[in-house]
Amino acid sequence: MRRAASALDYRELARRRLPPFLFEYIDGGSYAEVTLRRNVADLEAIALRQRVLTDVSTIDVSTELFGRKMALPVALAPIGLAGMNARRGEVQAARAAEAAGIPFCLSTVSACPLDEVAAGVVNPFWFQLYMIRDRGFMRDLLQKARGLGCSALVFTVDMPVPGSRYRDYHSGLAGAAGAAGSLRRIWQGVTHPRWAWDVGIHGRPHQLGNVAPVLGKNSGLEDFFAWMRNNFDPTVSWRDLDFIRSEWGGPLIIKGILDAEDARIAADIGADGIVVSNHGGRQLDGVPSTARALPPIVDAVGGALTVLADGGVRSGLDVIRLLALGAQGVLLGRAWVYALAAAGEAGVTHMLKLVEAEMRVAMALTGATSIAAIDRSRLVPDAGAPGGR
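Let me sum up the structure you'll find in this document. Predicted, not measured: the structure shown is a model, and the values here were computed from it.

## Some remarks on the overall build of the chain
Along its length, the chain carries 16 helices and ten strands. Computed over its C-alpha atoms, the radius of gyration of the chain comes to 20 Å, within 12% of the 21 Å expected for a compact globule of 389 residues. Referenced to the eigenvectors of the C-alpha coordinate spread, the extents of the chain come out at roughly 65 × 50 × 40 Å. A burial count over the chain gives 56% of its 389 residues as buried. With the model as given, the accessible surface of the chain reaches about 15,600 Å², and the carbon-plus-sulfur share is 53%.

## Some words on the pairing of strand 5 (residues 126-130)
Taken residue by residue, a regular strand's side chains alternate between the two faces of the sheet. Burial of strand 5 is extensive: five of the five residues sit out of reach of the surface. Across the two faces of strand 5 the burial is the same, with Trp126, Gln128 and Tyr130 and Phe127 and Leu129 all buried. The pairing of strand 4 (residues 105-106) with strand 5 spans two bridges and is classified as parallel. Note that in strand 5 the partner of Cys105 across the bridge is Trp126. At this point the chain moves from strand 4, through helix 5 (residues 114-120), to the parallel strand 5, and the crossover so formed is right-handed. Pairing analysis gives five bridges linking strand 5 to strand 6 (residues 152-156), with the strands arranged parallel. When the sheet's bridge partners are listed, Leu129 is paired in strand 6 with Phe155. Once the chain exits strand 5 it traverses helix 6 (residues 135-147) before rejoining the sheet at strand 6, and the crossover so formed is right-handed.

## Looking at the packing of helix 2 (residues 20-27) against helix 16 (residues 334-366)
Look at helix 2 against helix 16: their axes get within 10 Å of each other, and the N-to-C directions meet at 160 degrees. Relative to helix 16, the element helix 2 lies roughly antiparallel. Here Phe23, Ile26 and Asp27 of helix 2 lie close against helix 16, whose contacting residues are Arg334, Val337 and Tyr338.

## Looking at the nonpolar core
Grouped together as the largest cluster of nonpolar side chains are 116 residues, with contacts concentrated most on Leu76, Phe104, Ile244, Ile274 and Trp336. No other element matches helix 16, which puts 15 residues into this core. With near-sequence residues (within four places) excluded, Ile244 lies in contact with Leu129, Met131, Met138, Leu142, Leu153, Phe155 and Leu252. In this structure, Met70, Ala75, Val275 and Leu331 belong to the second largest nonpolar core, which totals twelve residues.

## Things to note about helix 2
Burial of helix 2 is extensive: six of the eight residues sit out of reach of the surface. Those residues of helix 2 that sit buried are Phe21, Leu22, Phe23, Tyr25, Ile26 and Asp27.

## Quick word on the environment of Ser182
Its location among the elements puts Ser182 in helix 8 (residues 178-190). On the basis of relative accessible area, Ser182 is assigned to the partly exposed category, the value being 28%. Once the C-alpha coordinates of Ser182 and Ala82 are considered, the two residues, 100 residues apart in sequence, prove to be 19 Å apart.

## What about the packing of aromatic side chains?
A complete count under the given rule lists six aromatic pairs for this structure. Here Phe66 and Trp126 contribute two aromatic rings whose centre-to-centre distance is 6.0 Å and whose plane-to-plane angle is 80 degrees, an arrangement assigned as edge-to-face. Of the two residues, Phe66 is situated in the loop between strand 1 (63-65) and strand 2 (68-70) and Trp126 in strand 5; the sequence distance between them amounts to 60 residues. For Phe66, a relative accessible area of 23% corresponds to the partly exposed category. Across the ring face of Tyr25, the terminal group of Arg282 is positioned such that the distance to the ring centre comes to 4.7 Å.

The rules behind each value
- Residues numbered from 1 in each chain as written.
- Predicted model: local features only at pLDDT ≥ 70, side-chain atom pairs only at ≥ 80, totals over all residues.
- Heavy atoms only, no water.
- Helix = DSSP H or I, 4+ residues; strand = E, 2+ residues; numbered from the N terminus.
- Rg over C-alpha atoms; globule rule 2.2 N^0.38 Å.
- Buried < 20%, exposed > 50% of the residue type's maximum accessible area, 1.4 Å probe, protein only.
- Areas by Shrake-Rupley, 256 points an atom, 1.4 Å probe, with all protein chains shown as cover.
- Pairing = 2+ DSSP bridges.
- Right-handed = clockwise from strand over helix to strand, strands pointing away.
- Axes fitted to C-alpha atoms, helices over the stretch in contact; angles between N-to-C directions.
- Parallel < 35°, antiparallel > 145°, perpendicular 65-115°, else oblique.
- Contact = heavy atoms within 4.5 Å.
- Core = buried A, V, L, I, M, F, W, Y, C linked by side-chain atoms within 4.5 Å.
- Phe/Tyr/Trp six-rings, centres within 6.5 Å; stacked < 30°, edge-to-face > 60°.
- Lys NZ or Arg CZ within 6 Å of the ring centre and 35° of its normal.

As structure tokens, then:
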């Protein structure tokens, strides 16, 4: 951890520590990974407008989202199987988020179940849900999340079917069924002994948390992915939000919006927020980056709901860029999983401190002393910034 000065440093530490099938799963995107690269490149192309001789002696990086005061305008995004990257990883990440004063969002397909995460923290966390064919199972999950005090529901809508990720086939996570696939993954674990001891032996990584009751006792990764393929619901439509609303009374955030028309529909049906997201480039390859999609969506909804964004965020500078494009909050995805894989809870805590420090420098040098002051005026006009003016 002492060697890490950025989220990208944590990426390299994670690459060294994890078996290839796990690293490629969190690091990769779908098909040729065009959108994955665009997410990063389009953010990097945004030029911030440097201003000088403004009093920046006091900088406030706090904000409020969905009625909750937050120390930073960021949250830890839901990541499937995150708990396989460190021992009981989602609990460790939730603790780091709580200590940093920001929300943690638990994925439906986490390694640690809802009740385990709830027992590990004091404050409420967010829960992410997919539309699943088995509505009874969904209802049970929603009731459990509500009973445990989850403070917001993030409903992911850009996964009616799983995307195709070539790296998972190359690494042995997908494609190689039966004993051949299992032996390949076991060998990768054996050759990464720190991970094998911490997670493979002591971390109970194959229990697969919230979906364990429907998978059965002796299930493994192949059973999990088969369940995903068979249970994601391609018939899902806007009408299904009525079912979600009937089972959930708290803030509802729709994740996976890339089109302004869809954003307007989300506002019309009463969603409390949206996440402008292309699933980190892991679903439909070739779609616009988040940075390109965000400004017209912000213009379309006109403050009718809270707009969050994710995708390609590797630094506090990237957080500032997305805020300047109109997001009110930013979800960190791969950045926190890299840090978790490299150094557990301490790594996530350190990564968040790095992000905050980078944000403070960027705010000072653009003359913004509060989150509310970060808008498109902080961008250089016509300098490659999507939506900049």
